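A structural walkthrough
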Amino acid sequence: MIRLHVPQPLSPGAALAPTLDQSRYLTQVMRLTAGDPLLVFNGADGEWRCVVAEVLKKGVVLRAEAQVRPQTHGPDLELIVAVVKKARVETIVEKAAELGAKRVRLTITQRTNADRVRLDRLDSIAEEAAEQTGRLDVPVVDEPVKLESILDRWDDGRRLMFCDEAGGAPVASAITEPGPWAILIGPEGGFSPEERERLRSLPFTTAVSLGPRILRADTAAIAAMTLWQAAVGDWER
């Protein structure tokens, strides 16, 4: 069944107004008409069975009928990734949503050399991935911030899995404690010596290796999230 993310509160009988793009998708791509069912979620009220109540010239109106799944949340995992080329950033955001990250924080490192990002485009990609994967929330995508600023304002209650191309411990033996975590992926040129030295000196950081080969940023992000999920994530559930 089609799943749609909306910002409006969900309750029995609530009338919902999807965006124009969503309405076109429902009526022109999926060919829904009045009375057809679909699933809707908003990240707070669980998943609801809805029907198309009315098809208008510009948009549609949905009516919420009943909750089919209560609200749940995935693991408290953030992905921090240096800005890389547009297509690779889009892939990273899509796969972060599929793999359960609650937040994607874009960062600028000393060796970052990439295109500017369109947050609206990345938000849409995260939303579409959440709709397709069955999760009940959409990961937040943050505007790029310098890495040093992120580290200066770090919450000490969150551990940082630092994926270091220079080497580190295997993820399976280094990441054993559940709880709030973040994964850090560097730029195409790698971290500078100064960045690496600071990261390894921080008390909340665990340096890990992603194997003997140098991975592209999108591959590294997918591999790191997969290994983290297998070690302390929610895959067992």
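First, a word on scope: everything that follows refers to the structure included in this document. Quick caveat: nothing in here was measured; it's all calculated off a predicted structure.

Spatially, 1-3-4-5-2 is the arrangement adopted by the five strands of the open sheet, whose pairing is mixed. A single partner strand is all that each edge strand has here, and the edge strands are strand 1 (3-5) and strand 2 (15-16). Packing against the sheet, helix 1 (residues 20-29) makes contact with strand 1, strand 3 (37-41), strand 4 (47-55) and strand 5 (60-69), and its axis sits at approximately 85° to strand 5. Running at roughly 145° to strand 1, helix 3 (residues 119-133) makes contact with strand 1 and strand 3 of the sheet.

Here we take up the nonpolar core. In this structure, Leu79, Met161, Ile183, Ile185 and Met225 are the most contacted members of the largest nonpolar core, which totals 32 residues. When residues of this core are traced back to their parent elements, those giving at least two are strand 6 (77-82), helix 2 (86-98), strand 7 (103-108), helix 3, strand 9 (159-163), strand 11 (181-185) and helix 7 (217-232). In terms of residue count, helix 7 provides more of this core than any other element does, seven residues in total. The residues contacting Ile185, other than those within four sequence positions of it, are Leu79, Ile80, Val81, Ala82, Cys163, Phe191, Ala217, Ala220, Ala221 and Ala224.

Most of strand 6 sits inside the fold, with six of its six residues counted as buried. Burial of the side chains of strand 6 extends over both faces: Leu77, Leu79 and Val81 are buried on one face and Glu78, Ile80 and Ala82 on the other. Judged from the five bridges that link them, strand 6 and strand 11 form a sheet pairing that is parallel. Across the sheet, residue Val81 finds its bridge partner in strand 11, namely Ile185. One ladder, built from five bridges, connects strand 6 with strand 7; its direction is parallel. Looking at the pairing, Val81 lines up with Leu106 of strand 7. The handedness of the strand 6 to strand 7 crossover, carried by helix 2, is right-handed.

The geometry of an aromatic ring pair comes down to the distance between the two centres and the angle between the two planes. Throughout the structure, instances matching the rule amount to two aromatic pairs. When the centroid spacing of 5.1 Å and the interplanar angle of 75° are considered together, the rings of Phe162 and Phe191 count as edge-to-face. Residue Phe162 is found in strand 9, and its partner Phe191 is found in the loop between strand 11 and helix 6 (193-201); the two are separated by 29 residues along the sequence. Residues Phe162 and Phe191 agree in their burial class; the two are buried.

Here the focus is unusual backbone geometry. At Arg31, a position not held by glycine, the phi torsion is positive, near 60°. Relative accessible area serves as the criterion here: at 62%, Arg31 is assigned to the exposed category.

The subject of this paragraph is the pairing of strand 7. Taken together, the five bridges between strand 7 and strand 8 (residues 140-146) define a ladder with parallel strand orientation. In the sheet register, Val104 faces strand 8, and the bridge partner there is Val141.

Once that is clear, we can look at a nonpolar patch on the surface. Together, Tyr25, Val29 and Met30 line one region of the surface with nonpolar side chains, adding up to about 260 Å² of accessible area. Locating Tyr25 in the fold gives a position in helix 1.

Rules used throughout
Residues numbered from 1 in each chain as written. Predicted model: local features only at pLDDT ≥ 70, side-chain atom pairs only at ≥ 80, totals over all residues. Heavy atoms only, no water. Pairing = 2+ DSSP bridges. Helix = DSSP H or I, 4+ residues; strand = E, 2+ residues; numbered from the N terminus. Contact = heavy atoms within 4.5 Å. Axes fitted to C-alpha atoms, helices over the stretch in contact; angles between N-to-C directions. Core = buried A, V, L, I, M, F, W, Y, C linked by side-chain atoms within 4.5 Å. Buried < 20%, exposed > 50% of the residue type's maximum accessible area, 1.4 Å probe, protein only. Right-handed = clockwise from strand over helix to strand, strands pointing away. Phe/Tyr/Trp six-rings, centres within 6.5 Å; stacked < 30°, edge-to-face > 60°. Patch = residues over 30% accessible without salt bridge, like charges linked within 9 Å, V, L, I, M, F, W, Y side chains within 5 Å. Areas by Shrake-Rupley, 256 points an atom, 1.4 Å probe, with all protein chains shown as cover. Salt bridge = Lys/Arg side-chain N within 4 Å of Asp/Glu carboxyl O.

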